[in-house]
Amino acid sequence: LLITRAMGKLQSKISFHTTKYRANGSVGQTGPSGASQQHSPTHTDAVTSVAALKPDLCVSGGRDKSVAVSSWRSGAALRRFLGHEREVTKVTSALDSNRVFSASRDKTVMMWELHGTSGPSQHFPGHDLVVTGLAVSPDSSQLCTGSRDNTVCKWDTETGECLGRAAISRNLVTHLCWVPGEPYVIQTSEDKTTRVWDSRELQVAHTFPAKQHIQTCCDVSQDGRYCLSCSSGSAGHGAEATLWDLRQTRGRVCEYKGHFQTTTSCVFLPRGPALTPSIATSSSDSTVKVWDQDTAGKG
């Protein structure tokens, strides 16, 4: 799938055919003439972050300062949460949880209950600058946040108490993600490094070798064996994604090169019984690329 910008609009160029995954799990083929269902906008301004909440629900945050829960099936916004004073920068949730977390340029993080009121059920103030990283433990009992103020904080989600705060010079946090089934949190930074934090003592357990460019995002495989990070770049320099080994060598496994501008996000794709392990990356060059995880070949 290659997405290109033409005449001010995002348009899709389809090679061969497009596989359409329906909400009920079935797969169908659509051609260029296939119609897609459209829904009213969930947000009134740019959407800045989206995350899975349940198999049929996702949560999103936007420049309109709101957090919304939407249905994959109907496309409808089921809940809308208001409380932030500035743009929402990140949203997250432990999968199948009823709790949603959002970070904002107002320097705070808020927790929302899917079946609660429209106001926040918990408030996490304490950062001095915009909050740019957000990761919740699998049981939703703890939260890690990161900011451009060079700090990473750990919180008790029930009480809102700050359980720890660690500062590293020039560590402008860009993203956080929790390793499934482990007490470790992955963090990318504008200092071009990817760190592994031990959330128990909030100490750095490992730092991968620095890259040549800012690391913009990270993700962890469901088995906890690997993590991804991706780089800023321009004119074909940088903009790669990097696969790192978390359990054995704790070193670089391979790189995925092909974007011409900053790679803004990277994700491990769900693995099916007949599918090879794959990852996806998106970029400021208006493309989304799918890669074979093992060979770094584009799918």
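Residues numbered from 1 in each chain as written. Predicted model: local features only at pLDDT ≥ 70, side-chain atom pairs only at ≥ 80, totals over all residues. Heavy atoms only, no water.

Trainee: Help me out: how do you make sense of the overall build of the protein chain in this one?
Mentor: Looking only at helices and strands, the protein chain has zero helices and 29 strands in total. Counting all 299 residues of the protein chain, 48% fall into the buried class. Expressed as a percentage of contacts within the protein chain between residues at least 6 apart in sequence, the contacts between residues at least 24 apart total 39%. (Helix = DSSP H or I, 4+ residues; strand = E, 2+ residues; numbered from the N terminus. Buried < 20%, exposed > 50% of the residue type's maximum accessible area, 1.4 Å probe, protein only. Contact = heavy atoms within 4.5 Å.)

Trainee: For this particular structure, what's the right way to read the UniProt feature "repeat: WD" (unreviewed entry) in the protein chain?
Mentor: UniProt tags residues 81-114, 124-165, 173-207 and 256-292 as "repeat: WD" (unreviewed entry). Split by type, residues 81-114 is 0% helix and 53% strand. Its first and last C-alpha atoms lie 9 Å apart. As annotated, residues 173-207 comprises 0% helix and 63% strand, and the C-alpha atoms at either end are separated by 14 Å. (UniProt positions renumbered as here; feature names shortened; annotations may be inferred.)

Trainee: Any chance you could explain the pattern of salt bridges here in plain terms?
Mentor: Side chains that carry opposite charge are capable of pairing whenever their charged atoms lie near each other. Counted by the stated rule, this structure contains 12 salt bridges. Of the charged contacts in the structure, one is a salt bridge between Glu113 and Arg99, with a shortest N-O distance of 3.3 Å. Of this pair, Glu113 sits in strand 11 (residues 109-113) while Arg99 sits in strand 10 (residues 99-104), and the two are 14 residues apart along the sequence. Overall, the relative accessible area of 24% leaves Glu113 in the partly exposed class. Given the relative accessible area of 16%, Arg99 is considered buried. The salt bridge partner of Arg148 is Glu190, with a shortest N-O separation of 2.3 Å. Remark: Glu190 occurs in the loop between strand 18 (184-189) and strand 19 (194-198) and Arg148 occurs in the loop between strand 14 (142-147) and strand 15 (151-156); sequence separation between them is 42 residues. Take Glu190: its relative accessible area is 28%, and that puts it in the partly exposed class. (Salt bridge = Lys/Arg side-chain N within 4 Å of Asp/Glu carboxyl O.)

Trainee: What should I look at first to understand the sheet that holds strand 16 (residues 162-167) in this one?
Mentor: Across the sheet, four strands lie side by side as 13-14-15-16; this open sheet has antiparallel pairing. Across the chains shown, the open sheet's two edge strands, defined by having one partner strand only, are strand 13 (131-136) and strand 16. Sheet twist, expressed as the mean angle between neighbouring strand axes with direction ignored, is 15°. As paired elements, strand 13 and strand 14 share five bridges and run antiparallel to each other. For Val136, the partnering residue across the bridge sits in strand 14 and is Leu143. (Pairing = 2+ DSSP bridges. Axes fitted to C-alpha atoms, helices over the stretch in contact; angles between N-to-C directions.)

Trainee: Would you take a moment to explain the side chain of Ser49 for this structure?
Mentor: Here Ser49 is to be found in strand 5 (residues 47-54). Here the side chain of Ser49 touches Val91 through a polar contact of 3.1 Å, landing on its backbone nitrogen. With near-sequence residues (within four places) excluded, Ser49 lies in contact with Val59, Ser60, Gly61, Thr89, Lys90 and Val91. (Polar contact = N/O pair within 3.5 Å; in protein donor to acceptor, adjacent residues only side chain to side chain.)

Trainee: What exactly am I supposed to notice about the side chain of Ser93 here?
Mentor: For Ser93, the location among the structural elements is in the loop between strand 9 (88-92) and strand 10. A polar atom in the side chain of Ser93 sits 2.7 Å from the backbone oxygen of Arg99. Contacts of Ser93, omitting those with residues within four sequence positions, involve Ala52, Leu53, Arg99, Val100 and Val136.

Trainee: Quick question: what am I supposed to make of the sheet that holds strand 8 (residues 77-82) here?
Mentor: Within a beta sheet, neighbouring strands are joined by backbone hydrogen bonds and run either parallel or antiparallel to one another. If you walk across this open sheet you meet the four strands as 5-6-7-8, and the pairing is antiparallel. Of all strands in the sheet, those with a lone pairing partner are strand 5 and strand 8, marking the two edges. Each strand axis lies, on average, 20° off the axis of its neighbour in the sheet, ignoring direction. Pairing analysis gives five bridges linking strand 6 (residues 57-62) to strand 7 (residues 66-71), with the strands arranged antiparallel. Looking at the pairing, Ser60 lines up with Ala68 of strand 7.

Trainee: What is the right way to read the packing of aromatic side chains from this model?
Mentor: Aromatic rings considered in pairs are described by the distance between their centres and by the relative angle of their planes. Evaluated as defined, the whole model comprises four aromatic pairs. Residues Phe124 and Trp155 carry aromatic rings whose centres are separated by 5.6 Å and whose planes lie at 65° to one another, so their mutual orientation is edge-to-face. Taken together, the positions of Phe124 in strand 12 (residues 122-124) and Trp155 in strand 15 put the pair 31 residues apart, joining distant regions of the chain. (Phe/Tyr/Trp six-rings, centres within 6.5 Å; stacked < 30°, edge-to-face > 60°.)

Trainee: Explanation requested: the environment of Trp244 in the structure shown.
Mentor: Looking at the element boundaries, Trp244 is found in strand 25 (residues 241-245). Under the relative-accessibility criterion, Trp244 is labelled buried at 2%. Taking the C-alpha atoms as reference points, Trp244 and Cys254, 10 residues apart in sequence, are found 7.5 Å from one another. Leaving out residues up to four positions away in the same chain, Trp244 has contacts with Thr194, Phe208, Pro209, Lys211, Arg225, Tyr226, Cys227, Ser229, Gly251, Arg252 and Val253. Within the local environment of Trp244, its side chain forms a polar contact with the side chain of Ser229, the two groups lying 3.0 Å apart.

Trainee: Help me understand the environment of Gln187 in this model?
Mentor: With respect to the secondary-structure elements, Gln187 resides in strand 18. Between the alpha carbons of Gln187 and Val204 there is a distance of 9.9 Å; along the sequence they are 17 residues apart. Ignoring any residue separated from it by four or fewer positions in sequence, one finds Gln187 in contact with Val152, Asn171, Val173, His175, Leu176, Thr193, Thr194, Arg195, Trp197 and Cys218. One polar contact links Gln187 to Asn171, side chain to side chain, over a distance of 2.6 Å.

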